[in-house]
Amino acid sequence: MSDTIATLPVVVENDGTPLTDLIDRRRAELRTTLVEHGGLLFRGFDVGGVDGFDRVVRALAGEPLTYTERSSPRHAIKGKVYTSTDYPQDEEIFLHNENSYQARWPLTLFFYCITPPDTLGATPLADVRRVYQNIDPAVREEFVRRRWMLVRNFHADFGTQWQHVFNTDDRAEVEAYAAANRIELEWLGADGLRTRAVRDVVHHRPGSDIPRWFNHATFFHVTSLAKDLQEGLLELFGAEGLPANTYYGDGAEIPTDVMDHLREAYRAASVRFDYQRDDVLVVDNMTAAHGREPFTGPRKIAVAMAEPHTPGEK
Ligand SMILES: [Fe+2]
């Protein structure tokens, strides 16, 4: 396992052929490497802008997905290619596996560096097989037994609105989506909404028996926010009304020392590289968590997701 971690992501350099030709020629081998290591970095290619990136996504992983049940501000650049999260650049985005709080998620993520940042701004990666190993077995077992819960509150006049998250104004549509995706809804006041979802903390990738720490219990916990943001949000909304927070699956609070331990388990598994223009990073979403460092400069990274997976499906 240690060799695997040391080479995340595996770098594939330009061999003189267009990237989509290289992928066509080596698709099976590249996909095997991606799943084993958790990440591939295509470097030194003339990708051909957002259209070229879209072709790379399709060549390696098929039709890209529409971004649903949003948790972060993001807008479409073109078709199903999106901006990476439009989040303040001086804030870190903690390591997470895309959409692990949903009933289904993409297996493959793509990041395309249109403009590199001046400083930092990497997409750090952490092998979640290693994160699992880094967590005290007693902590793991408790979470496996009790599972984890995400509570989100959408306020009419603050932050992300439910209409944006669920991409509709129609409450009945939201209710149908929630029922199909094991989300509990509670309409609040004139136009507020609280959602609760209980999920497993450990998942297995199709075709593998190696357990992965695959959840947003750490990412969405209030203590993973910057201190001043935590205090501001608690003052505005109280613990019950926070835009997002996580609990054990039975609704009990997760102790702070457990959260500190989980954050440390991710950080100890984290690796990083500096982006260069035209880098294409491919991440196996059930093998590697990704995040975002704070940065300076005009960083522009496009993202796309592919290969939807519903747990239980092989
Ligand atoms: Fe993400």
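The name an unreviewed UniProt entry gives the protein chain is Taurine dioxygenase, alpha-ketoglutarate-dependent, with Micromonospora pallida as the organism. In UniProt, the protein chain has this text filed under Cofactor (unreviewed entry): "Fe(2+)".

Engineer: Account for the layout of surface pockets, with residues named and values stated.
Structural biologist: There is about 330 Å³ of room inside the second largest pocket. Lining of the second largest pocket is provided by 21 residues; of these, Ala 239, Glu 240, Asn 245, Tyr 247 and Glu 253 occupy positions nearest its centre. Secondary-structure elements contributing two or more residues to the lining of the second largest pocket are strand S9 (148–154), strand S11 (192–199) and strand S14 (244–248). Here the element with the most residues in the lining of the second largest pocket is S14; it accounts for four residues. Taken together, the residues that form the lining of the second largest pocket break down as 10 nonpolar, seven polar and four charged.

Engineer: An account of a negative patch on the surface is needed here, citing residue identities and associated values.
Structural biologist: Where like charges cluster on the molecular surface, the negative patch consists of Asp 169, Asp 170, Glu 173 and Glu 175. As for its position among the elements, Asp 169 is in the loop between helix H6 (162–165) and helix H7 (171–180). Asp 169 gets classed as exposed once you look at its relative accessible area, which sits at 65%.

Engineer: Tell me what's going on with unusual backbone geometry, and back it up with residues and numbers.
Structural biologist: Here Asn 99, not a glycine, exhibits a phi torsion of approximately 60 degrees, which is positive. Inspection of the secondary structure assignment puts Asn 99 in the loop between strand S5 (93–96) and strand S6 (105–115). On the accessibility criterion, Asn 99 (6% relative accessible area) is buried.

Engineer: So what's going on with the packing of aromatic side chains? Residues and values would help.
Structural biologist: Taken as a whole and judged by the stated rule, the model has 14 aromatic pairs. Here Phe 53 and Phe 110 contribute two aromatic rings whose centre-to-centre distance is 6.5 Å and whose plane-to-plane angle is 75 degrees, an arrangement assigned as edge-to-face. With Phe 53 in helix H3 (residues 49–61) and Phe 110 in strand S6, this pair connects stretches of sequence that are 57 residues apart. When sorted by exposure, Phe 53 lands in the same class as Phe 110, which is buried.

Engineer: So, the side chain of His 203: which residues are in play, and what are the values?
Structural biologist: As for its placement among the helices and strands, His 203 is situated in strand S12 (residues 202–203). Within polar-contact distance, the side chain of His 203 engages the backbone oxygen of Asp 200 at 3.4 Å. Non-local contacts of His 203, meaning those with residues more than four positions away in its chain, are made with Trp 105, Ile 210, Pro 211, Arg 212, Phe 214, Met 286 and Pro 311.

Engineer: Can you tell me about the domain arrangement of the protein chain, naming the residues and giving the values?
Structural biologist: Looking at the protein chain, the domain boundaries give domain 1 (2–90 + 98–118 + 275–308) and domain 2 (130–265). The gap between the C-alpha centroids of domain 1 and domain 2 is 25 Å. Taken together, the contact between domain 1 and domain 2 spans 20 residues of the former and 25 residues of the latter. In this structure, the salt-bridge partner of Arg 205 is Asp 284, at a minimum N-O distance of 2.7 Å.

Engineer: Describe the environment of Tyr 82, listing the residues and the values that go with them.
Structural biologist: Checked against the element boundaries, Tyr 82 lands in strand S4 (residues 81–83). On the basis of relative accessibility, which here comes to 6%, the residue Tyr 82 falls in the buried class. Between the C-alpha atom of Tyr 82 and that of Val 50, which follows or precedes it by 32 residues, the distance is 9.7 Å.

Engineer: Residue-level account of the pairing of strand S16 (residues 280–284), with values.
Structural biologist: Of all the five residues making up S16, five are buried; the element is thus mostly covered by neighbouring parts of the structure. Here S16 shows a buried face lined by Val 280, Val 282 and Asp 284 and a second buried face lined by Leu 281 and Val 283. Judged from the four bridges that link them, strand S2 (residues 39–43) and S16 form a sheet pairing that is antiparallel. Looking at S16, one finds that Leu 40 is bridged to Val 282. Of the strand pairs in this sheet, S6 and S16 are connected by five bridges, and their pairing is antiparallel. Following the sheet pairing, Phe 110 is matched in S16 by Val 282.

Engineer: Outline the coordination of the iron ion, listing residues and values.
Structural biologist: The coordination sphere of the iron ion, as far as protein atoms go, consists of His 96 (NE2), Glu 98 (OE) and His 290 (NE2), spread over 2.1 to 2.2 Å. On the primary sequence, the residues serving as donors to the iron ion are separated as H-x1-E-x191-H. Of the two residues, Glu 98 sits in the loop between S5 and S6 while His 290 sits in strand S17 (residues 288–292), which places them 192 residues apart along the sequence. In this structure, Glu 98 and His 290 share a single accessibility class: buried.

Engineer: Could you give an account of the confidence of the model for the protein chain, with specific residues and numbers?
Structural biologist: Here the protein chain averages 93 in pLDDT, while 95% of its residues score no lower than 70. A low-confidence stretch, residues 1–5 stays under pLDDT 50, and its non-local contacts, those more than four residues away or across chains, total 12 contacts.

Engineer: Give a detailed account of the nonpolar core, specifying residues and quantitative values.
Structural biologist: In terms of nonpolar packing, the biggest core is built from 27 residues, with Val 131, Phe 143, Trp 213 and Leu 262 touching the most fellow members. Only S5, helix H4 (128–134), helix H5 (137–146), S9, S14 and helix H9 (256–268) provide two or more residues apiece to this core. Among the elements that take part in this core, H9 stands out by supplying five residues, more than any other. Excluding anything up to four places from it in sequence, Phe 143 contacts Trp 148, Val 201, Trp 213, Tyr 248, Ile 254, Val 258 and Leu 262.

Rules of the game
- Residues numbered from 1 in each chain as written.
- Predicted model: local features only at pLDDT ≥ 70, side-chain atom pairs only at ≥ 80, totals over all residues.
- Heavy atoms only, no water.
- UniProt positions renumbered as here; feature names shortened; annotations may be inferred.
- 1 Å grid on protein atoms, 1.4 Å probe; cavity = no way out; pocket = protein on both sides within 12 Å on 5 of 7 lines; lining within 4 Å.
- Points joined across faces, edges and corners; volume = space filled by probe spheres on them.
- Helix = DSSP H or I, 4+ residues; strand = E, 2+ residues; numbered from the N terminus.
- Nonpolar A, V, L, I, M, F, W, Y, C, P; charged D, E, K, R; others polar.
- Patch = residues over 30% accessible without salt bridge, like charges linked within 9 Å, V, L, I, M, F, W, Y side chains within 5 Å.
- Areas by Shrake-Rupley, 256 points an atom, 1.4 Å probe, with all protein chains shown as cover.
- Salt bridge = Lys/Arg side-chain N within 4 Å of Asp/Glu carboxyl O.
- Lys, Arg positive; Asp, Glu negative; His and termini not counted.
- Charge placed at Lys NZ, Arg CZ, Asp CG, Glu CD.
- Buried < 20%, exposed > 50% of the residue type's maximum accessible area, 1.4 Å probe, protein only.
- Phe/Tyr/Trp six-rings, centres within 6.5 Å; stacked < 30°, edge-to-face > 60°.
- Polar contact = N/O pair within 3.5 Å; in protein donor to acceptor, adjacent residues only side chain to side chain.
- Contact = heavy atoms within 4.5 Å.
- Domains from an automatic or database assignment.
- Pairing = 2+ DSSP bridges.
- Donors = N, O, S within 2.8 Å, 3.2 Å for Na, K, Ca; no water.
- pLDDT = per-residue confidence, 0-100.
- Core = buried A, V, L, I, M, F, W, Y, C linked by side-chain atoms within 4.5 Å.

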